[in-house]
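Structure assessment
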Amino acid sequence: AVVSTQSTGDEINDLISTVTDYINKNVLAVADVLLEVLAKTLPEPYRSEMKGVADTIGLPEGHIVLYNIFYEVFSVCTSIVAEDPQGQLYHARNLDFGLFLGWDNSNDTWLMTERLRKIIRNVDFKKDGETVFQSASFLGYVGLMTAVKAPSFALTLNERFNKEGGFIGIYQWIMGDRSAAWMGFLIRDVMENANSYSEAKNILMTHKLVAPAYFILSGNTTGEGVVITRSLTETLDVQALNITNGRYYLLQTNYDPWTTCPFYDDRRTPGNICMKQWKQDNVGFKSLFNVLSTKPNLNKLTVYTSILTVRDGLTTWMQDCKTPCTPW
């Protein structure tokens, strides 16, 4: 497909303006300068790629940096790994984004979410003409949050709501500590360099991070599925599939598995109810899509649903929860 740089630039600019329109112009001018300074400290090849995006579509480099570090600030997600009776692993996710970033009264939806839907793409990353891995992504975004590397593993990233947040890691980076990995960049590094489920798991458990996170990882052999709970510096918990003990699926939102979700954002309980109603015998594309298309896991923030397998690759659907629908 041919993508117009003019239309792409307009769509990304509209997206970024959803944030910048709420910032005082003088503050925004300072932020642009700081973001361009931050850009010069980011690792290659991501720094050059973001500069290339900015130059190609005619936007300030600082705007493209802001767009590419959204995850470190705030996002909402649901990820599932499930195994069918034949040992086939399925990996699925909803990506939800845009909370409190403008409301479109005419369409009854979040502005940021609405604008993100326009630039969703499934991307094949190739080397020497061969596909190395696939990702569901957004035009102009150089990191990854949803990806599969056939025939080895699939990986999704969920934000972990925690007082550490991404702001502490970003501050540490700005102050000169560059030992941590930016989330979207780390996922892409793993997809490019890890050649097995176990290798990917080791990297995700040990690398220092800019933001706390949940890594949801699935492999190609029965039982290969984990949710890794991370702080900035260490692995706090690993939840794993255990078919022998009847644990044929893992469902992760944005709260630690050993805690109770808050009443105002409990997507875990309805998701678990749906999964148990479908049962292991019915694990597959239909059941996982149904679970992630059921409110409140489908909500006004939901941008897309992806289902990934190491056998069949990646399929993505743009989602739009029609009113009446929960705001998140």
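Before going into details, it helps to say that this report is about the structure given with it. The structure displayed is predicted, hence computed values, not measured ones.

A short note on the pairing of strand β5 (residues 120-127)
As defined by bridge partners, β5 adjoins strand β6 (residues 130-138) across eight bridges and the pair is classed as antiparallel. Note that in β6 the partner of N122 across the bridge is A136. Between the end of β5 and the start of β6, which pair antiparallel, lie two residues, with D128 showing a positive phi angle near 55 degrees.

Quick word on helix α4 (residues 61-68)
α4 sits mainly inside the fold: eight of its eight residues count as buried. Among all positions of α4, only E61, G62, H63, I64, V65, L66, Y67 and N68 are buried.

Details of helix α11 (residues 285-292)
Inspection of α11 places S287, L288, V291 and L292 among the buried residues, and these make up the whole buried set. Down the axis, α11 shows its buried residues gathered within 125 degrees of arc, on one side only. Buried-residue contacts for α11 involve β1 (76-83), β2 (89-96), α10 (268-278) and β13 (302-309).

Comments concerning the state of the cysteines
The bond known as a disulfide is covalent and runs between the sulfur atoms of two cysteines. A complete count under the given rule lists one disulfide for this structure. Each sulfur in the disulfide pair C321 and C325 lies 2.0 Å from the other. Looking down the S-S bond of the C321 and C325 bridge, the torsion is 105 degrees, so its handedness is right-handed. Not part of a disulfide, C77 finds its nearest cysteine sulfur in C261, a span of 14 Å.

Observations regarding a nonpolar patch on the surface
Residues Y171, I174 and M175 make up a contiguous nonpolar surface patch of about 370 Å² in total accessible area. Residue position: Y171 is located in helix α7 (residues 167-174).

Describing the sheet that holds β2
With respect to topology, five strands assemble into an open sheet ordered β12-β1-β2-β13-β14, the strand pairing being antiparallel. The open sheet has two free edges, formed respectively by β12 (249-252) and β14 (313-318), since each of these has just one partner strand. Taking each pair of neighbouring strands and ignoring which way they run, the sheet shows an average axis angle of 10 degrees. Direction of pairing for β1 relative to β2: antiparallel, over a ladder of eight bridges. Opposite V81, over in β2, you have H91 as the bridge partner. Relative to β12, α10 is tilted by about 160 degrees, and along the sheet it contacts β1 and β12.

Quick look at the pairing of β13
Counting buried positions over the eight residues of β13 gives eight, a clear majority of the element. Pairing of β2 with β13 involves six bridges; the strand directions are antiparallel. Pairing of L95 across the sheet is with Y304, part of β13. Where β13 folds back on β14, the antiparallel hairpin that results is connected by three residues.

So, the sheet that holds strand β8 (residues 153-159)
Pairing is antiparallel across the open sheet formed by seven strands, whose spatial order is β5-β6-β7-β8-β9-β10-β11. Strand pairing shows two members of the sheet lacking a second neighbour, β5 and β11 (235-240), which therefore form its edges. Here the average twist between neighbouring strands, direction ignored, is 15 degrees. Inspection of the sheet shows strand β7 (residues 146-149) paired to β8 by four bridges, in the antiparallel sense. Residue pairing in the sheet places A147 in a bridge with L155 of β8. The strands touched by helix α9 (residues 197-206) are β8, β9 (213-218), β10 (225-230) and β11; relative to β10, the strand with the most contacts, the crossing angle is about 15 degrees.

Considering the pattern of salt bridges
With the rule as written, the count across this model stands at nine salt bridges. The shortest N-O distance in the salt bridge between E49 and R188 comes to 2.7 Å. Of this pair, E49 sits in helix α3 (residues 46-57) while R188 sits in helix α8 (residues 183-193), and the two are 139 residues apart along the sequence. Between R160 and D256 there is a salt bridge, with its nearest N and O atoms 2.7 Å apart. You can see R160 sitting in the loop between β8 and α7 and its partner D256 sitting in the loop between β12 and α10, a full 96 residues away along the chain. Through salt bridges that share partners, E49, R188 and E192 make up one connected network.

Rules used throughout
Residues numbered from 1 in each chain as written. Predicted model: local features only at pLDDT ≥ 70, side-chain atom pairs only at ≥ 80, totals over all residues. Heavy atoms only, no water. Pairing = 2+ DSSP bridges. Helix = DSSP H or I, 4+ residues; strand = E, 2+ residues; numbered from the N terminus. Buried < 20%, exposed > 50% of the residue type's maximum accessible area, 1.4 Å probe, protein only. Arc of directions from axis to C-beta. Contact = heavy atoms within 4.5 Å. Disulfide = S-S within 2.5 Å. Patch = residues over 30% accessible without salt bridge, like charges linked within 9 Å, V, L, I, M, F, W, Y side chains within 5 Å. Areas by Shrake-Rupley, 256 points an atom, 1.4 Å probe, with all protein chains shown as cover. Salt bridge = Lys/Arg side-chain N within 4 Å of Asp/Glu carboxyl O. Axes fitted to C-alpha atoms, helices over the stretch in contact; angles between N-to-C directions.

The values reported here are purely geometric and, on their own, carry no functional implication.
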